[in-house]
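Below are the chains, spelled out letter by letter.
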Amino acid sequence: MPFEGQRILPAAKSMKQFEAMIEGPYTYGVMLETHIAQLQSVMDEARRYDKKILLHADLVQGLKNDEYAAEYLCQQIRPAGLISTRASVIQKAKQKGITAIQRIFLLDTHALEKSYLLLAKTQPDYIEVLPGVIPHIIAEVSVRTGIPIIAGGLIRSPEEVELALGVGATAVTTSNADLIRHFEKSLTP
């Protein structure tokens, strides 16, 4: 089962949120923004708590988001997964055996069609669809690509989480502390 059955992927935009994430009950989490100098200590701390971090490669300050940076992240930092909008990063993650998550933005029909071409080329393990509050498009992307979907962005209520999951999203990423707490109860047997 993807992400060990975890339907919410807490996302940290700061060290304070990261600390709350690793002390919480979720096994998987997303590190959105960090600095290259913090990467190793962040990953070491996550491993100390038996957490699996999905690292947003495009948001690592001080590191260019290209295939060389992806190779460094895969070989030296070794997150559970890399998230990126870049085809070269996704391809390198797949080559190195790291979970590859292609992030796409639903701006308009043209952007969606370009994303389909990109996804056909990269064949990521997951697609992160932003914003995640457009249920019929989540369903369309899921059916058209056959690749598991993670919904993210602008999801603000438990009902919106349930709607995204109900139309086919495998999981929902959120940095909303209230949503993270709300869905913690679903982790206990």
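Higher on the page you've got the structure.
Residues numbered from 1 in each chain as written. Predicted model: local features only at pLDDT ≥ 70, side-chain atom pairs only at ≥ 80, totals over all residues. Heavy atoms only, no water.

### Comments concerning the pattern of salt bridges
Side chains that differ in sign of charge can pair as their charged atoms come close. Put simply, the test is: By definition here, a salt bridge exists when the distance from a side-chain nitrogen of Lys or Arg to a carboxyl oxygen of Asp or Glu is within 4 Å. Runs of H or I in DSSP of at least four residues are treated as helices and runs of E of at least two as strands, each being numbered from the N terminus. Relative accessibility under 20% of the residue-type maximum defines a buried residue, over 50% an exposed one, and the middle range a partly exposed one, all with a 1.4 Å probe and only protein chains included.
Scanning the model with the defined rule gives 8 salt bridges in all. For the salt bridge of Arg 47 with Asp 44, the shortest nitrogen-to-oxygen distance reads 3.9 Å. Residue Arg 47 and its partner Asp 44 are located together in helix α2 (residues 39-48), separated by 3 residues, close to a single helical turn. Note on Arg 47: relative accessible area 30%, which makes it partly exposed. The partner of Glu 45 in a salt bridge is Arg 48, with the nearest N and O atoms 3.1 Å apart. With Glu 45 and Arg 48 both in helix α2, this residue pair falls 3 residues apart, about one helical turn. Residue Glu 45 is classed as partly exposed on the basis of its relative accessible area, which comes to 27%. By sharing partners, the salt bridges in this structure join Glu 71, Lys 92 and Lys 96 into a single network.

### A few points about the pairing of strand β7 (residues 99-105)
Looking down a regular strand, the side chains alternate between one sheet face and the other. The cut-off we apply is this: Strand pairing is assigned whenever DSSP detects at least two bridges linking the two strands. The handedness rule is simple: strands pointing away from the viewer, and a clockwise path from the first strand over the helix to the second, make the crossover right-handed.
Counting buried positions over the 7 residues of β7 gives 5, a clear majority of the element. With 4 bridges connecting them, strand β6 (residues 81-84) and β7 associate as parallel partners. Following the sheet pairing, Gly 81 is matched in β7 by Thr 99. The handedness of the β6 to β7 crossover, carried by helix α4 (residues 87-95), is right-handed. Bridge count for β7 against strand β8 (residues 126-130) is 5 bridges, and the pairing is parallel. Across the sheet, Ile 104 pairs through a bridge with Val 129, a residue of β8. With helix α5 (residues 109-122) bridging β7 and its parallel neighbour β8, the resulting β-α-β unit is right-handed.

### Here's the deal with the environment of Glu 67
Rule in force here: Whether two residues are in contact is decided by their heavy atoms: any pair within 4.5 Å suffices.
Counting through the fold element by element, Glu 67 comes out in helix α3 (residues 67-77). When the C-alpha positions of Glu 67 and Arg 86 are compared, they lie 8.8 Å apart, and in sequence the two are 19 residues distant. Glu 67 has contacts with Ser 88 and Lys 92, leaving out every residue within four places of it along the chain.

### Quick look at the sheet that holds strand β4 (residues 52-56)
Definition in use: Note on geometry: axes are lines fitted to C-alpha atoms, helical ones only across the stretch in contact, with angles between N-to-C directions running from 0 to 180 degrees.
The sheet built from 8 strands closes into a barrel, its strands ordered β1-β2-β4-β6-β7-β8-β9-β10 with parallel pairing. Between one strand and the next, the sheet's axes are offset by a mean angle of 25°, whatever the strand orientation. Bridge analysis of β4 against β6 gives 3 bridges, and the strand direction is parallel. Bridge assignment links His 56 to a residue of β6, and that residue is Ile 83. Against the sheet, α4 contacts β6 and β7, and its axis sits at roughly 160° relative to β7.

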